[in-house]
Amino acid sequence: MSGPRWVEVSGAQPYRIGIAPGLLDDGAALAATLCGRQALVISDDTVAPLYAARVEAALRAAAPGLAVAGFVLPAGESSKTLAWFGRAIDALAALGARRDACVYALGGGVVGDLAGFAAACWMRGIDCVQLPTTLLAMVDSSVGGKTAVDLPQGKNLVGAFHPPRAVLADTAALRTLPPRELRAGLAEVVKYGAIGDAAFLDWLETRADALLAMDHDALAEAVARSCAHKAAIVGRDPFEHGERALLNFGHTFAHAIETAQGYGGLNHGEAVAVGMVLAARLSEELGLAPAADTLRLRALLARFGLPVDPPAGLDPETLLAHMRLDKKATAGGLRFIVWDGAGRARVLSDVPESAVLAVLQPGAP
Ligand SMILES: O=C(O)C(=O)C[C@@H](O)[C@H](O)[C@H](O)COP(=O)(O)O
Ligand SMILES: [Zn+2]
């Protein structure tokens, strides 16, 4: 069998994304960037029973004498809190973690964000290796170094940029992925096509059935192409001073929905699907893009089984209030990622709130 595909991420601290089945059992790959002799594997109570013991055993075999501990949080966005962050920090303290210790973030986006943030803060920053097990984490959240926890007031409001030492995406883990999680990841995959690669949207339309059937090669191709897009953008703009904001397409709406639902309604990918359709609608409302492109995006997301309309019962004014705390907002007002059509996204400042409210009205086209 051929080895992993590797995607390079450039920057002040370059790293590689490995994509292949079997990486969670590959001790040499797992230990390749280890500097010290302590490791904390952070996971959740869905993923830990499946993979934590295997990762820990592979690490011990590859690095004899390594002190390996585990820390498990409850699965789900409602654990991405300061309280669970504090418990992860306690686990590092219990391990007696030194500055050369390494955190392994084994799981989906919640685990990756929280574990990465713990690594960013412990002793002002220790190494983190991301081991994404969901499609969403493989194609997006494990790459680029955004780490955070949520507050009741807003999503990802407390966090840090802390690039991983390595990302190892074991595509065999996708076999155990619940269908809802597969769909959530596909939303972020569609995002790369929407913001900058219309040909990738064509490919997704062609391969939709194979992706939904969890065909390994189709999924691995989607992961590799998505990671290549993300690596290129974060390599050029690691701290979101410019083009990295494009990766937030749909997210101003999505985060407002997730916050309004108390992180217990739509999951992140589902909210991003709704948010991207709303962003396309907003672009139409502002006279920037044709309705046909919104319909195309909507059709692809719906084909992937994703929601494309805001959940019933959410008050547009409440959503708008959450958007005012969006990290892209400035003294000048709201900033949105809009598009001029499929594959052509850009940042737009001073977006009138009236246009945002118009697309949020129940029953708006
Ligand atoms: O990596 C990025 O940059 C992104 O915006 C990717 C998003 O898909 C991801 O959800 C990210 O965590 C959102 O970041 P935030 O800065 O809007 O909280
Ligand atoms: Zn996202």
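First, a word on scope: everything that follows refers to the structure included in this document. (Residues numbered from 1 in each chain as written. Chains lettered and ligands numbered in written order. Predicted model: local features only at pLDDT ≥ 70, side-chain atom pairs only at ≥ 80, totals over all residues. Heavy atoms only, no water.)

## Points about the nonpolar core
Of all hydrophobic cores here, the largest spans 106 residues; its most connected members are F253 and V356. The biggest single contributor to this core is helix α10 (residues 268-285), with ten residues. Discounting chain neighbours no more than four positions away, the residues touching V356 are F253, L282, L320, M323, L334, F336 and V351. Core analysis: the second largest hydrophobic core is formed by 25 residues, L40, I42, A101 and A115 among them. (Core = buried A, V, L, I, M, F, W, Y, C linked by side-chain atoms within 4.5 Å. Buried < 20%, exposed > 50% of the residue type's maximum accessible area, 1.4 Å probe, protein only. Helix = DSSP H or I, 4+ residues; strand = E, 2+ residues; numbered from the N terminus. Contact = heavy atoms within 4.5 Å.)

## What about the sheet that holds strand β4 (residues 67-73)?
With mixed pairing, seven strands are arranged side by side in an open sheet as β1-β2-β9-β6-β5-β3-β4. Where the open sheet ends on each side, the last strands, each with one partner, are β1 (5-9) and β4. Pairwise comparison of adjacent strand axes, ignoring direction, gives a mean angle of 15 degrees for this sheet. The sheet contact formed by β1 and strand β2 (residues 15-20) spans five bridges and is antiparallel. Each bridged residue has a counterpart across the sheet, and for W6 the counterpart in β2 is G18. On top of the sheet, helix α2 (residues 48-62) reaches β3 (38-44), β4, β5 (102-107) and β6 (127-132); it is set at about 165 degrees to β3, its chief contact. Packing against the sheet, helix α4 (residues 109-121) makes contact with β3, β4, β5 and β6, and its axis sits at approximately 170 degrees to β5. (Pairing = 2+ DSSP bridges. Axes fitted to C-alpha atoms, helices over the stretch in contact; angles between N-to-C directions.)

## Some words on the state of the cysteines
Tallying each qualifying case throughout the model produces zero disulfides. Considering cysteine sulfurs only, C128 is the nearest to C121, which forms no disulfide, with 12 Å between them. Not engaged in a disulfide, the cysteine C128 finds its nearest cysteine sulfur in C102; these two sulfurs lie 6.6 Å apart. (Disulfide = S-S within 2.5 Å.)

## Here's the deal with the coordination of the zinc ion (ligand 2)
For the zinc ion (ligand 2), the full set of protein donor atoms is E188 (OE), H251 (NE2) and H268 (NE2), and the range of their distances to it is 2.0 to 2.1 Å. Mapping the donors of the zinc ion (ligand 2) onto the primary sequence yields the spacing E-x62-H-x16-H. In this pair, H251 is assigned in helix α9 (residues 251-260) and H268 in helix α10, connecting sequence segments 17 residues apart. Judged by its relative accessible area of 14%, H268 falls in the buried class. (Donors = N, O, S within 2.8 Å, 3.2 Å for Na, K, Ca; no water.)

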